[in-house]
Structures are given as structure tokens and as C-alpha cells.
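# Inside the fold
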Amino acid sequence: MSVVTELGYLGLSVSDLAAWRAYAAEVAGMEVVDEGEGDRLYLRMDLWHHRIVLHADASDDLAYMGWRVAGPQEFAAMQEKLSAAGIPFTVGSETEARERRVLGLLKLADPGGNPTEIFFGPQVDTHKPFHPGRPMFGKFLTGSQGIGHCILRQDDVEAAARFYELLGLRGSVEYHLHLPNGMVAQPYFMHCNDRQHSVAFGLGPMEKRINHLMFEYTDLDDLGMAHDIVRGKKIDVALQLGKHANDQALTFYCANPSGWLWEFGWGARHSTGQQEYYTRDIFGHGNEAAGYGMDIPLL
Ligand code: MBD
Ligand code: FE
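In this text the structure is predicted, and so the values were computed from the model without any measurement. Per chain, the residues get numbers from 1 upward, laid out in the order the sequence is written. Written order decides the labels, with chains lettered from A and ligands numbered from 1. Reporting in this predicted model follows two pLDDT cut-offs: at least 70 for local features of residues, and 80 or more for side-chain atom pairs to be given and counted; totals over whole chains, interfaces and linings ignore these cut-offs and use all residues. Side-chain numbers here rest on the full set of heavy atoms in the structure, without hydrogens or water.

Moving on to helix H2 (residues 72-84). Runs of E in the DSSP output that reach at least two residues are strands. Runs of H or I that reach at least four are helices, and both are numbered from the N terminus. Helices are assigned an expected span. That span is 1.5 Å times one less than the residue count. Between the first and last C-alpha of H2 there are 18 Å, a value that for 13 residues agrees with the 18 Å anticipated at 1.5 Å per step. Within H2, burial applies to Phe75, Met78, Gln79, Lys81 and Leu82. Each buried residue of H2 lies within a common arc of 165° when the element is viewed along its axis, so the set occupies one face. In H2, the exposed positions angled more than 90 degrees off the buried face are occupied by Gln73, Glu80 and Ala84. In the core, the buried residues of H2 are packed alongside strand E6 (90-91), strand E7 (102-109), strand E8 (115-122) and helix H4 (157-167). Downstream of H2 by one or two residues, Gly86 has phi in the positive range, about 70°. Relative accessible area decides the class of each residue, using a 1.4 Å probe on protein chains only: under 20% of the type maximum gives buried, over 50% gives exposed, and in between gives partly exposed. Directions pointing from the helix axis toward each C-beta atom define the arc. The contact criterion used is simple: two residues touch if any of their non-hydrogen atoms lie within 4.5 Å.

Here it is as C-alpha cells:
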């Protein structure tokens, strides 16, 4: 049985590398690494070589997401599982693996057409302490919980759930949200480790592949500092500070330089392994800046 163990890395296509360099470092606190290629920047959140690659590209969207498996045996077993399920994939060349700083990777697409990679063996630079892009009280919460979570575009929610189940994630509908138009949104949340969800979908049609990336600080004061910086820079906040019913994280959502959202969080509980659903959040998460695909009634 081969299952993915974490959402390990992301590639983002960004039209304004300079704006992203400032946002990632000065707002979020990530470490920006420029290796001189000219067409990309690396973002560190821990000791990995990188967790995010910013690729200079006009599309301002998700370029790819990388799901980790433990090692070469799981990597081989995953290929057998995908083949048996009739899901097409290609095995990355040595050059492609080196580009991602991993020992091996597969390239495929999820049912929504989102470029998906399955990899093992990330380069971890244990000799290079994480150096935040701005002062931080604590760290980014990664480790066995991976980078965070993404909300993705999926036209066929059931097909998406089957695909992510095949990869080894579990989960289902966690909210019934009554929309102003009378419809009930029933978003799915799926997990593969202690992080309450690593991927979610089913919030309705989306312009981009990705609605948001959520990442988490270990220290509440870093969330507070990020919030002060976002407010000081008058960056659009789509959802105000609030606490989700499912992961119970204190979060807010603000625009990134590509015009989609980063959800800054702290204090999430772990996945419980038992399905529940909710009709609203615990508190907060009021709608503020409109047009980011998050104009949903969470309270
Ligand atoms: C989340 O992380 C989220 O983005 C939404 C919309 C609801 C619950 C948890
Ligand atoms: Fe989220």
C-alpha cells in the first residue's frame, strides 16, 4: 500500500517576481533564495531546499503541487496503483528530478486538470538554518504535516474525491453552507497526516486552479504580526480573522501579488479520523474584500 504522506511542495506561476519577493519575505516571513537562474525564486519555510518555487510566468496561478511518498518502494508501488487505476502519468527524468531537488517524481494531473506530482526524497539542507525574511517569534509549522493546504478547482467533485482517495487521502463533506442564492455549498476536505486537511475542493466554480494556500505559524504572535503588516500595507483581506469549525485554526485570508489568496493560520487541531460536518465557523471570518472566490457565509 502506497500512500502520500504530505503536501510537500508547490510551484506557482507569478507575473511579478519582485512583488512576490517582497510579499513572501516581508509579509509572510518566508526565506527567499535566489540561485541566479533569473526565471525563478525559491521560498524556504524550514530546512528543505525550498517548499515553494515562484516561476516567472504570466498566468499567476498554481503551476504544480507535489505530494510526497516515503521512499523508493512506495514510489514504485504508487506507479503500480496508478497504472492499475488507468490514470496516466509520466516518470520524471533525472533532469526533472534535479530541477525539483528530489530523488524521483511522477507527473500527472488530477481530475480538475491541476498539474500534480508525486515525489520521494526531497533535498533537505540541514546545514543551512532557516532564516526568516522578517523577524519571527517562532517557525512555520511543517514537519510531518507538510506545507499546509490548498483549495483547488474541481468540476467533478466526486471524481476528485476518488482520485485523492487513490493517492491515500481520506475525508468528505465537512460543511453545509447556505448560500444567498438558495444553494447549499458542500465542500470536501481531505487529509493524509495530522494536518486536518491538505486539500479541499467543491466551493463552486473558480477562475484559477487554486483559491488559496494555507500555511501555519507555530507562534500566535507571528500571526498577529502578519496581520498588522497586512493591515499596514492595506493589502486586501477577503476573510477577516476567525476560527474554522473543522481545523479550529485562527486564520485570515489576504490577497497575494497574483490576485489569489494566502490563508495565514495558527493553532489548528489535528485530523481526528472521524467524519463530521458543520454549518458555520466558530467565530469571525467575515467577508471583506470581494472577488476572491471566498464570498461565502462562514458565520
Ligand atoms: C478552511 O481552511 C477553509 O479554507 C474553509 C473555506 C473552511 C474551513 C477550513
Ligand atoms: Fe483554508
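Now that the structure has been shown, we can carry on.
The backbone of Asp60 sits at a positive phi, close to 50°, despite the residue not being glycine. Its location among the elements puts Asp60 in the loop between strand E4 (52-56) and strand E5 (61-68). Its identity is not glycine, yet His285 carries a phi of approximately 60°, on the positive side. The residue His285 is located in the segment after strand E19 (283-284) in this model. Exposure remark for His285: the relative accessible area of 0% places this residue in the buried category.

Only N, O and S atoms count as donors, using a 2.8 Å cut-off from the metal and 3.2 Å for Na, K and Ca, and because water is excluded some sites may appear unfinished. At this site the iron ion (ligand 2) is bound by His149 (NE2), His212 (NE2) and Glu263 (OE), with donor distances of 2.1 to 2.2 Å. Mapping the donors of the iron ion (ligand 2) onto the primary sequence gives the spacing H-x62-H-x50-E. Here His212 is found in strand E15 (residues 210-217), whereas its partner Glu263 is found in strand E18 (residues 261-266), with 51 residues between them in sequence. Taken individually, His212 and Glu263 each receive the classification buried, so the pair is uniform in this respect.

Once that is clear, we can look at the layout of surface pockets. A cavity here means a set of 1 Å grid points, computed over protein atoms only, where a 1.4 Å probe fits but cannot escape. A pocket is an open set with protein on both sides within 12 Å along at least 5 of 7 lines, and lining residues have an atom within 4 Å of a point. Grid points are joined across faces, edges and corners, and a volume is the space filled by probe spheres set on the points. By volume, the largest pocket amounts to about 620 Å³. Taken together, 28 residues form the lining of the largest pocket, with Leu203, Gly204, Pro205, Met206 and Gly293 sitting closest to its centre. Residue assignment for the lining of the largest pocket shows that the elements contributing at least two residues are strand E9 (149-152), strand E12 (184-185) and E15. Three categories are distinguished: nonpolar for Ala, Val, Leu, Ile, Met, Phe, Trp, Tyr, Cys and Pro, charged for Asp, Glu, Lys and Arg, and polar for the others, with Gly belonging to the last. Looking at the lining of the largest pocket, its residues break down into 15 nonpolar, nine polar and four charged. The calculated volume of the second largest pocket comes to roughly 170 Å³. Considering the residues around the second largest pocket, the lining is formed by 14 residues, among which Glu174, His191, Gly273, Gln274 and Gln275 are closest to the centre. Those elements that provide at least two residues to the lining of the second largest pocket are strand E10 (170-173) and strand E13 (188-191). Residues belonging to the lining of the second largest pocket are distributed by class as follows: two nonpolar, eight polar and four charged.

This next bit is on the sheet that holds strand E14 (residues 199-201). Criterion used throughout: strands pair if DSSP finds at least two bridges between them. Spatially, E10-E13-E14-E9-E15-E18-E17-E16-E19 is the arrangement adopted by the nine strands of the open sheet, whose pairing is mixed. Every interior strand has two partners, whereas the edge strands, E10 and E19, have only one. Looking at chain direction, E9 and E15 are connected through four bridges and run antiparallel. Paired with His149 across the two strands is Met214, which belongs to E15. An axis is simply a line fitted to the C-alpha atoms; with a helix, the fit covers only the stretch in contact. Between two such axes, the angle follows the N-to-C directions and lies from 0 to 180 degrees. Helix-sheet contacts for helix H5 (residues 220-232) involve E15, strand E16 (237-243), strand E17 (250-255) and E18, and the interaxial angle to E17 is about 30°.

For the rest of this paragraph, the subject is the UniProt feature "domain: VOC" (unreviewed entry) in the protein chain. UniProt positions are given in the numbering used here, feature names are shortened, and annotations may be inferred rather than shown by experiment. Taking the UniProt record as the reference, the feature "domain: VOC" (unreviewed entry) is found at residues 6-121 and 146-267. Secondary structure content for residues 146-267 is 20% helix and 38% strand, and the end C-alpha separation is 15 Å.

As a matter of local geometry, ligand 1 sits amid His149, Ile151, Tyr175, Phe189, His197, His212, His244, Asn246, Tyr253, Glu263 and Met294. Any pair of nitrogen or oxygen atoms within 3.5 Å is treated as a polar contact; in protein, a donor-acceptor pairing is required on top of that, and neighbouring residues in sequence qualify only through side-chain atoms on both sides. His212 has a polar side-chain atom sitting 3.0 Å from an oxygen atom of ligand 1. Contact distances for ligand 1 include 2.6 Å between an oxygen atom and a side-chain N or O atom of Tyr253. A 1.4 Å probe and the Shrake-Rupley method give the accessible areas. Residues count as covered only by the protein chains that appear here. Summarising the interface, the protein chains cover 99% of the accessible area of ligand 1, which totals 260 Å² for the free molecule. When each cavity is represented as a set of grid points, ligand 1 is found to reside in the largest cavity. A class-by-class count of the residues in the shell around ligand 1 yields five nonpolar, five polar and one charged. Here a residue counts as near a molecule or strand whenever at least one of its heavy atoms sits within 4 Å of it. Think of it this way: a molecule belongs to a cavity or pocket when more than half its atoms come within 2 Å of the grid points there.

Per the domain assignment, the segments of the protein chain are domain 1 (6-122) and domain 2 (149-287). As used throughout, domain bounds are those supplied by an automatic or database domain assignment. Relative placement of domain 1 and domain 2: their C-alpha centres are 20 Å apart. The interface of domain 1 with domain 2 comprises 38 residues on the first partner and 35 residues on the second. Three residues stand out in domain 1 for area buried against domain 2, namely Tyr23, Val27 and Trp67, and they jointly supply 21% of the buried area on that side. The term salt bridge refers to a pairing of a side-chain nitrogen on Lys or Arg with a carboxyl oxygen on Asp or Glu at a separation within 4 Å. One can count one salt bridge joining domain 1 with domain 2. Among the salt bridges present, the one from Lys233 reaches Glu26, with a minimum N-O distance of 3.9 Å. For the pair domain 1 and domain 2, the interface holds 13 residue pairs in polar contact (both at pLDDT 80 or more). Mapped onto the side of domain 1 that touches domain 2, the elements with two or more residues apiece are strand E1 (6-14), helix H1 (17-28), E5, H2, E7 and E8. Of the residues in the side of domain 1 that touches domain 2, the class split is 26 nonpolar, six polar and six charged. Buried area is understood as the total, over both parts, of accessible area removed when two parts are fitted together, assessed with a 1.4 Å probe.

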